[in-house]
Amino acid sequence: IRLLGCAAAATLLAACSGDQLAPLHPMLGNWSGIHRLAGDATGYSAQYHVHETDGGLSWNFHSDWNGGFTGQSAQRWDAASKEFVEIWTDSSDPDRKLETRGTWDAASSTLTMRGTGPDWETGEPIGYTHRTHLLNADSWTYTMTAERAVGAIEVMWIEMKRVRP
């Protein structure tokens, strides 16, 4: 995760394109599930809507956590670096744009994205790893790991099931 200004985020995404997003197309659609956080035993109701936009994917998230939490991301393939790039913003700070970059592993059906961003507890920069694992056509999981001084700690989990019309 890298902090970007709005102009820099728009420029970066405009430079990224390609049909390499095809492995992620099974995630298109509406999803419902559970959002969990480390240190909080509650499982919060959550929804995702994933759709195509201008050569990329848009991910729209809502969780009942903290009275209602929302997030949006734009995801593209960056042909120059040969990796996925994602710009994320959420309701905790709508002016902050965070960038992650990563790869798709076809053997495990897993998208792994990495970046650096502020620790939500201390504000200090730390590394993050985001893993989205496509279990089958109708379910996937997401795990966020924070790279803190004490080591890597899983801090968030999301489990999604496809919503059928």
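Nothing here was measured: the structure is a model prediction, and the numbers come from that model.

Conventions and cut-offs
Residues numbered from 1 in each chain as written. Predicted model: local features only at pLDDT ≥ 70, side-chain atom pairs only at ≥ 80, totals over all residues. Heavy atoms only, no water. Buried < 20%, exposed > 50% of the residue type's maximum accessible area, 1.4 Å probe, protein only. Helix = DSSP H or I, 4+ residues; strand = E, 2+ residues; numbered from the N terminus. Pairing = 2+ DSSP bridges. Salt bridge = Lys/Arg side-chain N within 4 Å of Asp/Glu carboxyl O. Phe/Tyr/Trp six-rings, centres within 6.5 Å; stacked < 30°, edge-to-face > 60°. Polar contact = N/O pair within 3.5 Å; in protein donor to acceptor, adjacent residues only side chain to side chain. 1 Å grid on protein atoms, 1.4 Å probe; cavity = no way out; pocket = protein on both sides within 12 Å on 5 of 7 lines; lining within 4 Å. Points joined across faces, edges and corners; volume = space filled by probe spheres on them. Nonpolar A, V, L, I, M, F, W, Y, C, P; charged D, E, K, R; others polar.

Structural notes on the pairing of strand 10 (residues 139-148)
- Most of strand 10 sits inside the fold, with 8 of its 10 residues counted as buried.
- The pairing of strand 9 (residues 125-136) with strand 10 spans 9 bridges and is antiparallel. Residue pairing for strand 10: Asn 136 is matched across the bridge by Ser 139.
- The loop that links strand 9 with its antiparallel partner strand 10 comprises 2 residues.
- With 10 bridges joining them, strand 10 and strand 11 (residues 151-162) adopt antiparallel strand pairing. Looking at strand 11, one finds that Trp 140 is bridged to Met 160.

Focus on unusual backbone geometry
- Of note in this structure, Lys 82 is not a glycine but carries a positive phi near 60 degrees.
- Within the secondary structure, Lys 82 is located in the loop between strand 5 (69-78) and strand 6 (83-90).
- Judged by its relative accessible area of 59%, Lys 82 is exposed.
- The phi dihedral of Ser 109 falls on the positive side, at around 55 degrees, and the residue is not glycine.
- Exposure remark for Ser 109: the relative accessible area of 22% places this residue in the partly exposed category.

Some points on the pattern of salt bridges
- Taken as a whole and assessed by the stated rule, the structure comprises 7 salt bridges.
- Where Glu 159 meets Arg 36, a salt bridge forms, and the shortest distance between an N and an O atom there is 3.2 Å. Separated by 123 residues along the polypeptide, Glu 159 in strand 11 and Arg 36 in strand 2 (residues 29-37) bring together distant segments of the chain.
- In this structure Glu 159 comes out as partly exposed when scored by relative accessible area, which is 41%.
- By relative accessible area, which is 31% here, Arg 36 ends up partly exposed.

What to know about the packing of aromatic side chains
- Counted by the stated rule, this structure contains 8 aromatic pairs.
- Ring centres of Trp 59 and Trp 140 lie 5.8 Å apart, and the angle between their planes is 85 degrees; this geometry places the pair in the edge-to-face category. Pair noted here: Trp 59 is in strand 4 (residues 56-63) and Trp 140 is in strand 10, with a separation of 81 residues, a long-range link.
- Taking relative accessible area as the criterion, Trp 59 reaches 4% and is therefore assigned buried.
- Overall, Trp 140 belongs to the buried group, its relative accessible area being 1%.
- Grouping aromatic residues by their ring pairs yields a cluster made of Trp 31, Tyr 48, Trp 59, Phe 61, Trp 65, Phe 69 and Trp 140.

As for the side chain of Glu 99
- By the element assignment, Glu 99 lies in strand 7 (residues 97-105).
- At 2.6 Å, the side chain of Glu 99 forms a polar contact with the side chain of Arg 101.

Some words on the layout of surface pockets
- In this structure, the largest pocket occupies an estimated 830 Å³ of space.
- For the lining of the largest pocket, a count of residues per class yields 22 nonpolar, 7 polar and 6 charged.

A short note on the environment of Asp 54
- One can find Asp 54 in the loop between strand 3 (40-53) and strand 4.
- In the structure, Asp 54 is positioned 22 residues away from Arg 76 in sequence and 9.2 Å away in space, judged by C-alpha atoms.

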